[in-house]
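# A closer look at the structure
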Amino acid sequence: TSAQGCQDSTQLSITVNPSPVLSISPDQGICPGFGATISVSGALNYVWSDPQWSGISIAVAPLTTTTYIVYGSNQFGCMDTAQSTVTVYPNPMAAISANPLVLTSDNPTVNFSNVSLNAAVSVWNFDDGTTTETSQTAFDYTFPFEEDQDYNVSLIVTSLEGCIDQTQVLIQIKGGTIYYVPT
């Protein structure tokens with residue numbers, strides 16, 4: 001109402017356009033050297049935090065734990081954002097200590113120690129047909145009685161997250177000492 005008593009009115013119509021609702025791959029974990037795929041849906045156009053990526057799906061192989069962010073827009077220009085984290089698990093490190101490395105056929109016993117890091121499961125292969133899974137960190141193993149035989153003993157370790165590493169050590173069995181006694 002004006003000072004003279006006049007009245008006026010107007011109407012304004014406002015359209016509220018819907019925002020997109022992005023759905024992205026859940027967080028995931030990988031072992032070093034492996035990759036992951038992150039997919040997104042719910043919008044018309046996507047812009048990832050790294051301009052080298054585009055589209056609805058990206059393949060990544062990070063060296064460290066990384067969060068990936070994507071922005072999505074619909075036909076109205078409305079936007080939403082989503083993120084997914086790829087955790088890079090620590091790799092186990094397989095390591096063997098063996099003593100002695102060279103045996104004689106009359107005493108083919110070795111003391112093995114599993115000095116691996118971050119290992120939840122340890123599987124030994126003694127290269128003589130024997131494979132065993134053990135949680136023992138130190139034990140003796142006696143090889144079959146065979147002269148001049150080499151055994152490539154391997155240890156495969158797996159972390160709680162399923163990452164794997166392996167190592168091996170060469171064990172040699174030599175013939176026993178022969179003494180000549182003249183008669």
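Preceding this section is the structure that the text describes.
Here is a short report on the structure shown in this document.

With that settled, consider the overall build of the chain. Secondary structure summary: the chain contains zero helices and 15 strands in total. Against the 2.2 N^0.38 benchmark of 16 Å for 183 residues, the chain shows a C-alpha radius of gyration of 33 Å, more extended than a compact globule. Taken along its principal axes, the extent of the C-alpha atoms in the chain is 145 × 25 × 20 Å. Looking at the chain residue by residue over its 183 residues, the buried ones come to 30%. Residue pairs at least 24 apart in sequence account for 54% of intrachain contacts in the chain once pairs closer than 6 positions are excluded. Counting only carbon and sulfur atoms, one obtains 51% of the accessible surface of the chain, whose full area is about 11800 Å².

Moving on, we come to the environment of Pro 100. Here Pro 100 lies in the loop between strand 8 (96-99) and strand 9 (102-104). Residue classification places Pro 100 among the partly exposed residues on the basis of a relative accessible area of 33%. Each residue touching Pro 100, except ones within four places of it in the same chain, is listed here: Thr 109, Val 110 and Ile 171.

What follows deals with the sheet that holds strand 6 (residues 66-73). What holds strands together in a sheet is hydrogen bonding between their backbones, with the strands either parallel or antiparallel. Across the sheet, four strands lie side by side as 2-7-6-4; this open sheet has mixed pairing. A strand with exactly one partner marks an edge of an open sheet, and here the two such strands are strand 2 (28-30) and strand 4 (45-48). The sheet shows a mean angle of 25° between the axes of neighbouring strands, direction not considered. Judged from the eight bridges that link them, strand 6 and strand 7 (residues 79-88) form a sheet pairing that is antiparallel. Within the sheet, the bridge partner assigned to Tyr 71 lies in strand 7 and is Thr 81.

Together, Leu 12, Ile 14 and Val 16 line one region of the surface with nonpolar side chains, adding up to about 410 Å² of accessible area. Along the chain, the position of Ile 14 falls in the segment before strand 1 (23-24).

Pairing within the open sheet is mixed, and its five strands lie in the order 9-15-14-11-12. Edge strands, defined here as strands with exactly one partner in the open sheet, are strand 9 and strand 12 (131-133). On average, each strand axis in the sheet is inclined to that of its neighbour by 20°, with strand direction left out of account. As paired strands, strand 9 and strand 15 (residues 164-174) are joined by three bridges and run parallel to one another. Opposite Thr 104, over in strand 15, you have Lys 174 as the bridge partner.

Evaluated as defined, the whole model comprises one disulfide. Note on cysteine connectivity: Cys 31 is disulfide-linked to Cys 163, with sulfurs 2.1 Å apart. Across the S-S bond of Cys 31 and Cys 163 the torsion is about -95°, and the bridge reads as left-handed. Of this pair, Cys 31 sits in the loop between strand 2 and strand 3 (36-41) while Cys 163 is found in the loop between strand 14 (149-158) and strand 15, placing the two residues 132 residues apart along the sequence. Of the two residues examined, Cys 31 and Cys 163, each falls in the buried class.

Now for the nonpolar core. One finds Phe 112, Trp 124, Phe 126, Phe 143, Val 153 and Ile 171 to be the most contacted residues of the largest nonpolar core, which totals 18 residues. Those elements giving two or more residues to this core turn out to be strand 8, strand 10 (109-114), strand 13 (138-142), strand 14 and strand 15. A per-element tally of this core places strand 14 first, with four residues. Setting aside residues no more than four positions away along its own chain, Val 153 makes contact with Ile 96, Phe 112, Trp 124, Asn 125, Phe 126, Phe 143, Thr 167, Gln 168, Val 169 and Ile 171. Residues Leu 22, Trp 53, Tyr 68 and Val 88 belong to the second largest nonpolar core, which totals 16 residues.

What counts and what doesn't
- Residues numbered from 1 in each chain as written.
- Predicted model: local features only at pLDDT ≥ 70, side-chain atom pairs only at ≥ 80, totals over all residues.
- Heavy atoms only, no water.
- Helix = DSSP H or I, 4+ residues; strand = E, 2+ residues; numbered from the N terminus.
- Rg over C-alpha atoms; globule rule 2.2 N^0.38 Å.
- Buried < 20%, exposed > 50% of the residue type's maximum accessible area, 1.4 Å probe, protein only.
- Contact = heavy atoms within 4.5 Å.
- Areas by Shrake-Rupley, 256 points an atom, 1.4 Å probe, with all protein chains shown as cover.
- Pairing = 2+ DSSP bridges.
- Axes fitted to C-alpha atoms, helices over the stretch in contact; angles between N-to-C directions.
- Patch = residues over 30% accessible without salt bridge, like charges linked within 9 Å, V, L, I, M, F, W, Y side chains within 5 Å.
- Salt bridge = Lys/Arg side-chain N within 4 Å of Asp/Glu carboxyl O.
- Disulfide = S-S within 2.5 Å.
- Core = buried A, V, L, I, M, F, W, Y, C linked by side-chain atoms within 4.5 Å.

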